[in-house]
Amino acid sequence: MENLVQEAIQNVNLQAIMPSLVLCAFGMAILMVSVFSKRGSTTHVAWLSLGALVVTGFVALTGWNNPQGGFAGSVLFDNFATFFSLICLIAAGLTILMSDNYLKREGYPVSEYYPLILFTTAGAMWMASGTDLMTIFLGLEVLSVSLYVLAGFFRNQIRSNEAGLKYFFLGAFSTGFLLYGVALLYGVTGTTKLEGIAAYIHANPSAAMNTMFIAGGLLLLVGFLFKVAAAPFHMWTPDVYQGAPTPITAFMSAGPKAAAFAALMRVAIVGLDGMQAELSSLFWVLAVLTMTIGNFVALSQKDLKRMLAYSSISHAGYALVGLVAWNAIGHSAILFYMLVYTFMNLGAFAVLVLIGKKGENNLTLDGIAGLGYKKPILGIVLTIFLFSLMGLPPTAGFIGKFYIFAGAIKAGYIWLAVLGILNSAVSLYYYLRVIVQMYFKDPVEDFSWVSINTPTAISIVISLAGVLYLGILPGSLLELAKLAGF
Amino acid sequence: MADYLLSIMTFFPLLGILVLLFLPRDNGGLLKAVTLVVSLITFAISLPLAFDPVFLTSGEMHYREFYEWINIGNYFQMNYNLGVDGISLWLVMLTTFITPIAILSTWNAVDKNIKGFMAMLLLLETGMLGAFISLDLFLFYIFWELMLIPMYFLIGIWGGKNRIYAAVKFFIYTAVGSLLMLVAIIFIFYYAVQSGADMNGFGIQEFYKLDLPHSAQFWLFLAFGFSFAIKVPMFPLHTWLPDAHTEAPTAGSVILAAVLLKMGTYGYVRFAMPLFPEVLPTFIPYLAFLAVFGIIYGSLVAMMQEDIKKLVAYSSVAHLGFVMLGIFALNMQGFAGGMIQMINHGISTGALFLIVGFIYERRHTRLITEFGGLATKMPIFATFFMIVTFSSIGLPGTNGFVGEFLALMGAFQSSLRWYAVFATTGVILAAVYMLWVYQRVMFGKVTNPKNENLKDLSLREIIIMLPLLLFVFWIGICPNTFLAKMNPAMEKMLVQMGATPVVAVEIPPAPEGYFGETGAAEGHGDEHGAEKTEHSD
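In this text, all values refer to a predicted model and were calculated from it rather than measured experimentally. (Residues numbered from 1 in each chain as written. Chains lettered and ligands numbered in written order. Predicted model: local features only at pLDDT ≥ 70, side-chain atom pairs only at ≥ 80, totals over all residues.)

**What about the overall build of chain A?**
Thought 1: A tally of helices and strands in chain A yields 20 helices and two strands.
Thought 2: In terms of overall dimensions, chain A is globule-like: its C-alpha atoms have a radius of gyration of 22 Å, near the 23 Å expected for 486 residues.
Thought 3: The principal-axis extents of the C-alpha atoms in chain A amount to approximately 70 × 55 × 40 Å.
Thought 4: Taking all 486 residues of chain A together, 62% fall into the buried category.
Thought 5: Of the contacts made within chain A by residues no fewer than 6 positions apart, 79% connect residues no fewer than 24 positions apart. (Helix = DSSP H or I, 4+ residues; strand = E, 2+ residues; numbered from the N terminus. Rg over C-alpha atoms; globule rule 2.2 N^0.38 Å. Buried ≥ 20, exposed ≤ 12 C-beta atoms within 10 Å, placed from the backbone. Contact = placed C-beta atoms within 7 Å.)

**Digging into the overall build of chain B**
Thought 1: Helix and strand counts for chain B come out as 21 helices and two strands.
Thought 2: Radius of gyration (C-alpha) of chain B: 23 Å, near the 24 Å computed for a compact globule of 537 residues.
Thought 3: With the principal axes as the frame, chain B shows a C-alpha extent of 75 × 65 × 40 Å.
Thought 4: Counting all 537 residues of chain B, 58% fall into the buried class.

**Some details on helix α19 (residues 454-472) of chain A**
Residues and elements named next belong to chain A.
Thought 1: Between its terminal C-alpha atoms α19 stretches 26 Å, which fits the 27 Å expected from 19 residues at 1.5 Å a residue.
Thought 2: The set of residues buried in α19 consists of P455, T456, S459, I460, S463, L464, G466, V467, L470 and G471.
Thought 3: For α19, the secondary structure elements touched by its buried residues are α4 (79-106), α14 (328-355), α16 (376-390), α17 (396-410) and α20 (475-484). (Expected span 1.5 Å × (residues − 1).)

**A look at the nonpolar core**
Thought 1: By size, the foremost hydrophobic cluster in this structure holds 398 residues, and its most contacted members are A259, V324 and A408 of chain A together with V183, I185, L325 and F328 of chain B.
Thought 2: Of the residues that make up this core, three or more belong to each of domain 1 (1-275) and domain 2 (302-505) of chain B.
Thought 3: Excluding residues within four positions of it along the chain, V324 of chain A makes contact with S280, F283, W284, A287, A408, Y413 and L416 of chain A. (Core = buried A, V, L, I, M, F, W, Y, C linked by C-beta atoms within 7 Å. Domains from an automatic or database assignment.)

**Examining the environment of S88 of chain B**
All names here are of chain B.
Thought 1: Here S88 is to be found in helix α4 (residues 86-104).
Thought 2: Assessed through the 24 C-beta atoms surrounding it within 10 Å, S88 is described here as buried.
Thought 3: The sequence separation of S88 and M486 amounts to 398 residues, and the corresponding C-alpha distance is 8.7 Å.
Thought 4: For S88, the residues in contact, after removing those within four places along its chain, are F132 and I133.

**A closer look at the domain arrangement of chain B**
Residues and elements named next belong to chain B.
Thought 1: What the domain assignment reports for chain B is domain 1 (1-275) and domain 2 (302-505).
Thought 2: Taken together, the 42 residues of domain 1 in the interface contact 38 residues of domain 2.
Thought 3: Those elements giving two or more residues to the side of domain 1 that touches domain 2 turn out to be α3 (54-57), α4, α10 (240-247) and α11 (250-275).
Thought 4: If one sorts the elements of the side of domain 1 that touches domain 2 by residue count, α11 sits on top with 13 residues.
Thought 5: Per-class residue counts for the side of domain 1 that touches domain 2 are 28 nonpolar, 12 polar and two charged. (Nonpolar A, V, L, I, M, F, W, Y, C, P; charged D, E, K, R; others polar.)

**Re the packing of helix α2 (residues 18-36) of chain A against helix α5 (residues 113-129) of chain A**
Residue and element names in this part refer to chain A.
Thought 1: Running from amino to carboxyl end, α2 crosses α5 at an angle of 165°, the nearest separation of the two axes being 9 Å. On the basis of their axis angle, the class for α2 and α5 is roughly antiparallel. The crossing of α2 and α5 is left-handed. For the pair α2 and α5, contact is made by P19, S20, L23, C24, F26, G27, I30, L31 and S34 and by Y114, P115, L118, F119, T121, A122, M125 and W126, respectively.
Thought 2: Split by residue class, the contact of α2 with α5 holds 13 nonpolar, four polar and no charged. (Axes fitted to C-alpha atoms, helices over the stretch in contact; angles between N-to-C directions. Parallel < 35°, antiparallel > 145°, perpendicular 65-115°, else oblique. Left-handed = near helix turned anticlockwise from the far one by under 90°.)

**A closer look at the interface of chain B and chain A**
Thought 1: Taken together, the contact pairs 26 residues of chain B with 26 residues of chain A.
Thought 2: Of all the secondary structure elements, the ones that give two or more residues to the side of chain B that touches chain A are β1 (62-71), α6 (137-158) and α7 (163-194) of chain B.
Thought 3: In terms of residues, the side of chain B that touches chain A owes the most to one element, α7 of chain B, which gives 13 residues.
Thought 4: A class-by-class count of the residues in the side of chain B that touches chain A yields 23 nonpolar, two polar and one charged.

**Focus on the pairing of β1 of chain B**
Residues and elements named next belong to chain B.
Thought 1: Alignment of β1 against strand β2 (residues 77-84), held across seven bridges, turns out to be antiparallel. Paired with I70 across the bridge in β2 is M78.
Thought 2: Between β1 and the antiparallel strand that follows it, β2, lie five residues; G73 among them carries a positive phi value of about 60°. (Pairing = 2+ DSSP bridges.)

Put into C-alpha cells, the structure is as follows:
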C-alpha cells in the first residue's frame, strides 16, 4: 500500500499541468481581488485577468516540443495540448478585451465574470491535455459549470436566464451520458486511460463488438458531440448563443468548442483507434448532418446572434470532416481550422458587441441596415470577417476550409468534400445577406450610440490581423499545426 | 525590372487603393483623377509586354516569377508562380487597356461613394491581371475568387433598380461553380502527390505532364468545365449575365463584358482542355452544341429585347459562342479565331456598353421605344455607334470579321463542320438584331420630344471611344500584329490538348507558270486543285 502511494506521488509531474495551475492560481487571486474591489469597478480586474492569461500563455509555450506527462499517465501536455491551450487562451483574451465596456453598458459590471472566464479556460486546457477519460471529464466539468454561470450572467434578462438554464440542463444530461459511457468503457476494458483502452482493444478485438463497449463508446461520443454542437445534439446552441452575453457567446463558440474537439480527437484517435473504420463512417454521417442542418437553418435566421450560432454549428461540421479523413492532414487541418475559427468568429462578435444597443434588441438584419455607410470602418471589418466565414480568399477561412477538404480528398472522401463545398455555397447566401444589409440598403438608424472603446478595438484588430495573416501567409502556422497534430 | 514586371503590374492598383484611402471622401474629381492615373500607369507598365518580340518565336512562358509561398512537404505546397505567354498576352493588355477607359466613363455617372467605387475598380483590376498570369492553380483560384468581391459590390451598391437580386445571383452562381472547381484542384494535387510526381506546388506546367486516369479526367473536366461554362457564359448557365449586365453601372458592365467574361474562355484554354486532353473527344461534341445553341439562342433572344443593355448582354452570349466554337475546333485557325474573337468581343462589347452608357446618362432610360431619330441630334455618336455595330456584326474590315471568319473556318475544317454551318446563321442573326436596334434608336424621325435637345458626345466621351475604334480597325485590317504573337503559344497549347497544330486550310504555292502566259482555262483547273485541305484529327 505504501509503495503504491510512493509511486503515485512520484508520478506526479506538476509541469504537465503547470499552465492550468498557474491560471487557476491567478483565477483565485483575482477572485479575491474582485471581492475586495468597489462594486461596479471591474476594469482593473479585467486587465489583471488579461495579464494572467498572458503569463499562462508563456507558461504554456514552454510545453512546445517538450511533452510533459504526469499523474500516472493521465495528463500529457504535448504539442497538441499546447496548440489547443493557446487557442483557448487567445479566445479568452479576446473575450475579456471586449467584455468590460459591454458589461458596463448592459448594467452588470460584476467582477466575478473575469475569474469565471479564467476557470473556464483552465478547464479547457485540462480537456486538451487529458489522456485519461477522468481527466478529460474533470476538465469538461470545470469548463461547463463556469460556462453555465456565464451564460446566465445577466440574471435580470429573461433570455440570459433561459440560456443559462437550458445550457445547464442539457449540459448536465450530456455530461451524465458521457460519464455513463466512461463507466461502461471502464467495465469492459478495466481502465479509463485512453492508451489502456486502445491496448485492450488491440489485445482483445472481440471486445470491440461487445454491446457494453459500443454503448459506452457511443455515450461518450454523445457527450463530446453535445459540447461541439454537432447535429443532432445542437439544439441548445441557438438559444444559448442568442441569450448569453455577446462576449460569452463569442467565447463559447471558439474556446470550449476547440477544447471539445481536442478531447474528441484524443479519444477517437488515441483511445478508439482500433475502430477507425466504424468511427469514420459515423463521423461522415454526423459531419454531413451537422453542416447541412447548420447551413440550411441559418438561411432563415433574422437575428444576427442566432444566425452566427447556426453558422458555428455548420463550422463544427466542417471540422468534423477533418476527423472523417483520419489522416495527418485532416488532423492538422482541424487544429488550424480551430485557430482560424477563433479569430474570425471572435472578430465578428466583437463588432456585434460594438453595434448593439443596451438590451441588444437591434442585432437583427434590419437593425444593421446601412451600417457600412454610417460606420465605414466597422462595416469593412465585419465584411472581412464574413468573407472569412464564407471561405473566400485571401482570408484565413479559405485556407482553413481548403486544408480540411484537402485532408478529406487525400483520404479518398471526394463526395464528402463535394458535399462540404456545396454547403459552403449555401452558406454564402446568409453571410452575403448581412453584407447586403450593411451596404446595399439605405441607413435607417444613425448608429450614434456606437462608441468604439479601445479594448474592444484592440480585440478586433488582433482578430483581423489573425484572419488576414493566416489567409495570406499561412505557411508558418500550417507547419505548426502539422507538428502539433497526430 | 523585367524580373518583377508582372508583380508590379498586378499589385500596382492595390497601391492605388492605398493612396485613395488617404484622400478626402468628398473630392470626387480628385479621386477619379488619381484612379485614372493609377490605371494609366498600370497600362504603361504592361506595355513592354506588348512590344516584346520574344512572343513571336517562343510559345513558352515569359517574365517568370517564382517564389515558394507555402511548403509543408506532402501536405500542401503552393508557390507564387507567374508567367505570361502568347495566349495570355493580349488578355492582359486588354485588361490594362480597358480599365482606364472604364474609369474615364464614370466621370459623370457615379456620384455617391466615389472612393468605394474607385477602390472596387482597382481591386478588380488586380484580381483580373492576377488570374491571367497565374501559373499555379491555387494562386489562380485565389485571384479568380478575388474578382467576385468587387464585382458584387459594384453591382450591388451602384447598380440599377434590381441590383441586389442581380448582385447576389451573380455572386452565388459564379461562386458555386468555382467551389466545384476547388474540389477538382485539390484532387489533382493529391493525385499527383500520390503518384510520386515531382510537384511544384500547384504549378500547371507540372500538371500538364501528369497522366491522369481516364475516369478521373472525365469528372475533373466536368468540374472545371462546369465552373468555366458559368463564367463564359454558356447556355444554359448564362442566366446570371443579363441581370448582372443590366443592373451594373456602366463601368462595371464594360469591365464585366470586356474582361470577366474572358475568364471563362481563358479557363478552358489554359486549364480545362490542356489538363484533360483524353476526354476532349467525349465532351467537345456536347460543348460545341451548347456553343452553337448559345449563338442562335442568344441572338434570337437579343432580337426581342426592349432594353438595349439587355440586348447587348444577350449578344455577348452569342459572341462568346463563336469563341468557344473556334477553340473546340482544335486546329490553328479555329483556335486563332477564338483567341482573337476574345479580344474583339472585349473591344466591341465594351464599346457597346459605353455607348449604352452615353444614352443612359442623357435620358436615364434604356428602353428602345423611348428613342428614335437620334442620328440627327447626335451625329458623332451615330458614327461611333455605327462603327461599333459593324464590329459587333463582323463586317469585313472590322475586327469582328477576322475573329468570326477564322473561328468558323477552323470549325468547318474540323469534325465540327455541321456545327459551323449552323453557327454561320448566327452571323446573319447578329446583323438582324444590331441593325434593327440601330435603326430603331438612331434613324427615322425624332418621335419622343425628350430627345429633342440631346447633346452630342463630349470631348471626354470621344476620347474614351477613339482608342476602341482604333483597335476595331487595326485588328480588322492588320490582325497579324496580334495573331503573330499568339501563334507559337497556340501551337504549343494545341499539342498539349492532343491535337496536331495544323492550319485547317493550306494553300500550296502556285504551280509553275500559273501567273504566266498560259490561258485562263488551265489556271481555272489549278485553282480548284490548289485548295487541298488537311484534316486536323
